[in-house]
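Chains, contacts and geometry: an overview
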Amino acid sequence: MAEAHQARVQKTIEDMVQNLERNHIRKMQGLMFKCSAECCERSTDSMSQVHNCIERCHTPLAQAQGLVTNELETFQVSIFFVLVDNNLNILRQPIQRMCSLIVIITPHAQDRLTRCTMHCNDKARDLLDSGAKEPAVRALMENCVGSCVDDHVNLIPSMTHRLKENLNSIPQ
């Protein structure tokens with residue numbers, strides 16, 4: 001099931017990036033190439049002037065790519081996904097020693113996500129301490145962490161909106 005969470009998050013991110021590329025970055029690339037071609041057509045300019053002109057043409061696209069890269073880098077691959085082993089040992093370890101699952105987090109959401117997964121861990125420990133069997137503990141963890149993942153996947157549309165606004169604000 002951890003793979004399903006990971007695949008869902010990955011697909012959501014890939015869809016967002018493809019949409020941004022198709023509707024924003026690609027248009028900027030076209031403008032950059034047209035602008036660069038116009039620079040090269042300036043037969044009276046020096047080599048240095050043409051080079052500077054081309055650099056100016058590349059600036060908006062470089063800004064856009066930096067913007068998208070920085071935003072995506074804030075979505076780290078670092079949520080702890082709590083799983084129990086066959087002997088239920090892992091639940092008794094600190095959360096930092098748990099198995100990893102790729103999940104998206106923003107700087108604002110990182111603490112919230114960590115708290116959410118720690119809360120899941122606490123619930124699983126409580127259930128284990130009450131005498132529950134491994135399947136019940138696994139089910140609780142899967143549902144709880146799945147809910148954490150859902151909450152954070154739901155943050156992607158606001159990131160997408162922010163990226164679109166920022167991309168649209170870059171002067172062409």
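Here the residue numbers are simple positions, counted from 1 along each chain's written sequence. With the structure being a predicted model, the display of local features is reserved for residues of pLDDT at least 70 and the display and counting of side-chain atom pairs for 80 or more, all residues being used for whole-chain, interface and lining totals. With hydrogens and water excluded, all non-hydrogen atoms of the structure serve as input to the side-chain values.

Considering the overall build of the protein chain
- Per the convention used, a helix needs a DSSP run of H or I reaching at least four residues, while a strand needs a run of E reaching at least two, with both numbered from the N terminus. A tally of regular secondary structure across the protein chain gives five helices and two strands.
- Secondary structure of the protein chain in N-to-C order comes out as α-α-β-β-α-α-α.
- Note on classification: 1.4 Å probe, protein chains only; a residue is buried when its accessible area is under 20% of the maximum for its type, exposed when over 50%, partly exposed between these limits. Relative to its 172 residues, the protein chain shows a buried fraction of 35%.
- Summarising the internal contacts of the protein chain: among those between residues at least 6 apart in sequence, 71% fall at separations of at least 24. Residue contacts are defined here by distance: any two heavy atoms, one from each residue, within 4.5 Å place the two residues in contact.

Observations regarding the nonpolar core
- The definition of a nonpolar core used throughout is a set of buried Ala, Val, Leu, Ile, Met, Phe, Trp, Tyr and Cys residues joined through side-chain atoms within 4.5 Å. With 27 residues, the main nonpolar core has M16, I25, A64, C120, L163 and L167 as its most contacted residues.
- Elements with a minimum of two residues in this core: α1 (2-40), α2 (47-73), α3 (107-129), α4 (134-153) and α5 (156-168).
- Looking at which domains feed residues into this core, each of domain 1 (18-83) and domain 2 (110-155) gives three or more. Segment limits for the domains were obtained from an automatic or database-derived domain assignment.

Points about the environment of M28
- In this structure, M28 sits in helix α1.
- The exposure class assigned to M28 is buried, which follows from its relative accessible area of 6%.
- Setting aside residues no more than four positions away along its own chain, M28 makes contact with P60, L61, A64, I170 and Q172.

What about the pattern of salt bridges?
- Salt bridge, as used here, is a side-chain nitrogen of Lys or Arg placed within 4 Å of a carboxyl oxygen of Asp or Glu. Under the defined criterion, the tally for this structure stands at four salt bridges.
- Notably, a salt bridge pairs R42 with D45, separated by 3.6 Å at the nearest N-O pair.
- Judged by its relative accessible area of 40%, R42 falls in the partly exposed class.
- Taking the shortest distance from any N to any O, the salt bridge between R138 and E134 comes out at 2.6 Å. A residue pair is termed a helical-turn pair when its members lie 3 or 4 positions apart in one helix, as R138 and E134 do in helix α4 at four residues.
- Residue R138 is classed as partly exposed on the basis of its relative accessible area, which comes to 34%.

Quick notes on the state of the cysteines
- Note that a disulfide, as used here, is simply two cysteine sulfur atoms within 2.5 Å. A complete count under the given rule lists four disulfides for this structure.
- Paired by a disulfide, C120 and C144 hold their sulfur atoms 2.0 Å apart. Measuring handedness by torsion sign, the sulfur bridge of C120 and C144 sits at about -85° and is left-handed. Residue C120 is found in helix α3, and its partner C144 is found in helix α4; the two are separated by 24 residues along the sequence.
- Under the relative-accessibility criterion, C120 is labelled buried at 0%.

Focus: the confidence of the model for the protein chain
- On average, residues of the protein chain score 76 in pLDDT, and 73% of them reach the 70 mark or higher.
- Below a pLDDT of 50 lies the segment residues 77-109, which in the model reaches 90 contacts outside its immediate sequence neighbourhood of four places, other chains included. Every residue carries a pLDDT, the predictor's confidence in it, which falls somewhere between 0 and 100.

Observations regarding the packing of α2 against α5
- Axes here refer to lines fitted to C-alpha atoms; in helices the fit is confined to the stretch in contact. Angles between the N-to-C directions go from 0 to 180 degrees. Running from N to C, α2 and α5 cross one another at 160°; their axes reach a closest spacing of 10 Å. In terms of orientation, α2 and α5 fall into the roughly antiparallel class. Classified by chirality, the crossing of α5 by α2 is right-handed. Of the residues in α5, those touching α2 at A64, L67, V68, E71 and L72 are M159, R162, L163, N166 and L167. Orientation categories follow fixed angle ranges, with anything under 35 degrees roughly parallel, anything over 145 roughly antiparallel, 65 to 115 roughly perpendicular, and all other angles oblique. Crossing handedness is defined as follows: a turn of the near helix away from the far one that is anticlockwise and smaller than a right angle gives a left-handed crossing, while the clockwise case is right-handed.

What to know about the environment of C53
- Within the secondary structure, C53 is located in helix α2.
- Judged by relative accessible area, C53 falls into the buried class, the value being 4%.

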